[in-house]
Amino acid sequence: MPDSAVPGPAPAVPPTPPVPLAALLAREDLGLRQIAGPRDSATVIHWAHTSEMADPYPYLLGGELLLTAGVHVPEAAGSGTYFDDYVSRIVEAGGAALGFGVAPVHDTVPRALVVACDDYGLPLVEVPPRTTFSGVARAVWQLMAQARHTELRRVTEAQQSLAAAAARPDPVPSVLRQLAQRVGGRATLYAPDGGEVASAGRMPGVGGGGGLRVGAGAGADSGAAAEVSGALAGLVAVVRPATEGGSGAGGSSGAGGGSGAGGRSSSGGRPGSGGRPGSSGSSTAGASLSPSASPSPSPSPSSASDTAAGVHLAAYALGTGQGFVLGVAAPRRDPGDHTIASVGAVLLSLLTGEHQSSTGAARSSALVRLLLGAAPEEVAPLLGGGERWVVVHARPDGPAPDAVTASALGAALGSALVDVDGDVVRVLVPAGHRELAVQPGWTCGASAEVGPHEWGSADTQAARALSRARATRARLVRHGEHPGLADLVPPEEAATHARTVLAPIAANPALTETLRTWLSLHGSWDRTAVALSVHRNTVRQRIARCAALLSTDLDDPDVRMELWFALRQA
């Protein structure tokens, strides 16, 4: 019965990975043999279809292994253009390969068909008499099932490893490292301004492990690196949400040109063909970078992909709505890569996002009440942390922290109450919810457990603990880890004594803090200078000034002990 065309849009590619033609040829039970066309390991087929129509174009979806016994071939076909027309139509329709069955109609594959397939670059496979077309189709689906099983196992393992990475103390870098490893390339998190926040992995085929510069500075690259950089810049601009300033899809003029402006979409055209003549197999999924586009902004796509200099690129907008974008570069585009990268994007969205939940609303309410004059102990219940709190000051080993790295540190400590203050991150942590531990890549100082009315003093304690941690090269220093003599003296009497002893230098905070740090570090000039970020000569001058104003000998251990006791109460 002849094929019948079904009107309407072409269906999507089936939810199974394509099968390499080489894998089908390797099946000894089929006995298939390629006799014409390019022998490319990248050639894949999405399904097998049998047709004896002289013009199969209307009945092909693209990506097929078209099977025919040559029933439609006229006797005089070898002397005319029949096979040229026939093969050209298969290629136009996006057919991946042609399988010609030997017997019962033809004893051999027509020579003119072999020549036409070589001319048009269509793989031609000889199907021996003992192999049925249904057997070939069954083998295709068996290989698809195996590939699907392998893909599902790979995706499942990747999801588990990414989830485990998100639970690490350094979740954002860990997720990027794991994602880069799973795709065999490089993963980069971009800030709303296009700057690189963090990255992991190596850029495939572009000068080793260097990152790609997006926006300004990309022109400094050369050759393939510049092409890849421009393409990725275009993808990042395509998926970034539009803002009033004009950034994002439809408004960015500095995104970098190149092919990245037209990020590919898997929804356009026929599989493996680029669509019918006159149609486009490339789409930005609703985003337009054309200067003649309508001024009204269109919704940005959630993802876009492209290929530049042989490197497969993809960009994913994080679901925070803040403009963060995940960029992925890989040497190939394997089945399951999009799913794996999407999982990474979701996890990064959770790690970088500002969750609009009841907890977030309570924090906003607490902030408003504080600004309107409420006491800390009145707003503390809104923060859900209980009655005791710890203030942590942390300083990264690398560059100054940004909002993303600070948020990740807060997540590791178990608190969303984070503040970036220059090169120091301050975190207000509920006591008892999680044991305070060393954080990789950070030097931390922690206060004692305090009530809300003592948050201010706890902040001072954490700052001093951080200074001591930096000076002693310790990863974590806790304030008051060991009880002292102060516990034996009533607080009121201790405070009065401290004010009396320190009165000569109390008006000069720099002298007081220098003396405190110097005594805590056993009189070390160098470590005190490091802790205070001043020159060692400045430390010497300040200590000499303290000795003069206090009229005492700071080399005397009894004097040092008394001053240390007083400073602990100040």
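Residues numbered from 1 in each chain as written. Predicted model: local features only at pLDDT ≥ 70, side-chain atom pairs only at ≥ 80, totals over all residues. Heavy atoms only, no water.

**Brief notes about the overall build of the protein**
Broken down by element type, the protein carries 16 helices and 17 strands. Every one of the 570 residues in the protein was classed for burial, and the buried ones make up 43%. Long-range contacts, defined here as pairs at least 24 residues apart, represent 64% of the contacts in the protein between residues at least 6 apart. Per element, the accessible surface of the protein, about 27,800 Å² overall, is 54% carbon and sulfur. (Helix = DSSP H or I, 4+ residues; strand = E, 2+ residues; numbered from the N terminus. Buried < 20%, exposed > 50% of the residue type's maximum accessible area, 1.4 Å probe, protein only. Contact = heavy atoms within 4.5 Å. Areas by Shrake-Rupley, 256 points an atom, 1.4 Å probe, with all protein chains shown as cover.)

**Quick notes on the packing of helix α13 (residues 509-520) against helix α15 (residues 536-550)**
Close contact between α13 and α15 brings their axes to 9 Å; oriented N to C, the two are set at 105 degrees. In terms of orientation, α13 lies roughly perpendicular with respect to α15. Only V539, R542, I543, R545, C546, L549 and L550 of α15 make contact with α13, whose side of the interface consists of A510, L511, T514, L515 and W518. Within the contact of α13 with α15, the residues separate by chemical class into nine nonpolar, one polar and two charged. (Axes fitted to C-alpha atoms, helices over the stretch in contact; angles between N-to-C directions. Parallel < 35°, antiparallel > 145°, perpendicular 65-115°, else oblique. Nonpolar A, V, L, I, M, F, W, Y, C, P; charged D, E, K, R; others polar.)

**Here we look at the environment of V391**
Turning to its location among the elements, V391 is positioned in strand β13 (residues 389-396). For the pair V391 and W455, spaced 64 residues apart in sequence, the C-alpha separation works out to 7.5 Å. Not counting the four nearest positions on each side in its chain, V391 is found in contact with V427, L428, G445, A446, S447, W455, A458, D459 and A462.

**What about helix α10 (residues 403-413)?**
Along α10, the residues classified as buried are V404, A406, A408, L409, G410, A412 and L413. Capping the start of α10, D402 holds a side-chain oxygen 2.9 Å from the backbone nitrogen of T405, two or three residues further along. (Polar contact = N/O pair within 3.5 Å; in protein donor to acceptor, adjacent residues only side chain to side chain.)

**Focus on the pattern of salt bridges**
A full pass over the atoms with the stated rule returns 15 salt bridges. In this structure, R148 and E151 form a salt bridge, with 3.2 Å as the shortest nitrogen-oxygen distance. Here E151 and R148 lie together in helix α4 (residues 133-166), a separation of three residues that amounts to about one turn. Exposure remark for E151: the relative accessible area of 13% places this residue in the buried category. Residue R395 is joined to D423 by a salt bridge in which the shortest nitrogen-to-oxygen separation is 2.7 Å. Of this pair, R395 sits in strand β13 while D423 sits in the loop between β14 (418-421) and β15 (424-430), and the two are 28 residues apart along the sequence. We classify R395 as partly exposed; its relative accessible area is 23%. (Salt bridge = Lys/Arg side-chain N within 4 Å of Asp/Glu carboxyl O.)

**Things to note about the environment of L24**
Looking at where L24 falls in the secondary structure, it is placed in helix α1 (residues 21-25). Along the primary structure L24 and A139 are separated by 115 residues, whereas in three dimensions their C-alpha atoms are 7.4 Å apart. Residues in contact with L24, not counting those within four places in the same chain, are L30, L32, I45, L65, V136, A139, V140 and L143.

**Section: the nonpolar core**
Within the largest apolar cluster, 31 residues are counted, with the highest numbers of intra-cluster contacts made by V172, L176, L179, L326 and L348. When residues of this core are traced back to their parent elements, those giving at least two are α4, α5 (171-183), β8 (186-190), β9 (196-201), β11 (311-317), β12 (325-330), α7 (337-352) and α10. Core analysis: the next-biggest nonpolar cluster, separate from the first, contains 22 residues, A36, A77, Y86 and F100 among them. (Core = buried A, V, L, I, M, F, W, Y, C linked by side-chain atoms within 4.5 Å.)

**Re unusual backbone geometry**
The linkage connecting A103 with the following residue, P104, adopts the cis geometry, with an omega of 10 degrees. Relative to the helices and strands, P104 is located in the loop between β6 (97-101) and α3 (111-120). Backbone geometry at A309 places phi at a positive 55 degrees, although glycine is not the residue there. By secondary structure assignment, the location of A309 is in the loop between β10 (303-308) and β11. In this model, S551 sits at a positive phi of 50 degrees, which is unusual for a non-glycine residue. Mapped onto the elements of the fold, S551 is located in the loop between α15 and α16 (557-569).

**Here we look at the pairing of β12**
For a regular strand, side chains alternate in direction, first toward one face of the sheet and then toward the other. Of all six residues in β12, six are buried; the element is thus mostly enclosed. Two strands pair when backbone bridges link them, and β8 and β12 are joined in this way by five bridges, in the antiparallel orientation. Looking at β12, one finds that L189 is bridged to L326. Taken together, the six bridges between β11 and β12 define a ladder with antiparallel strand orientation. (Pairing = 2+ DSSP bridges.)

**With respect to the sheet that holds strand β16 (residues 442-446)**
In spatial order, the strands read β14-β15-β13-β16-β17; together these five strands make up an open sheet with mixed pairing. The open sheet has two edge strands with one neighbour each: β14 and β17 (476-478). Between one strand and the next, the sheet's axes are offset by a mean angle of 20 degrees, whatever the strand orientation. Pairing of β14 with β15, which is carried by four bridges, proceeds in the antiparallel orientation. Looking across to β15, one finds that D421 is bridged to V424. Strands β13, β14, β15 and β16 of the sheet are contacted by α10, whose axis makes an angle of about 30 degrees with β15. Along the sheet, helix α11 (residues 455-472) contacts β13, β15, β16 and β17; its crossing angle with β13, the most-contacted strand, is approximately 35 degrees.

**Some words on the packing of aromatic side chains**
Counting across every chain of the model gives four aromatic pairs. Here Y82 and Y86 contribute two aromatic rings whose centre-to-centre distance is 6.3 Å and whose plane-to-plane angle is 5 degrees, an arrangement assigned as stacked. Highlighted residues: Y82 and Y86, both in helix α2 (residues 82-92), separated by four residues, approximately one helical turn. The buried category is assigned to Y86, whose relative accessible area is 3%. Here the aromatic rings of W518 and W525 are separated by 5.5 Å at their centres, their planes lie at 35 degrees, and the arrangement is tilted. Of the residues examined, W518 reaches a relative accessible area of 3% and is grouped as buried. In this structure W525 comes out as partly exposed when scored by relative accessible area, which is 22%. Three or more aromatic residues joined by ring pairs make a cluster, and in this case those are Y82, F83 and Y86. (Phe/Tyr/Trp six-rings, centres within 6.5 Å; stacked < 30°, edge-to-face > 60°.)

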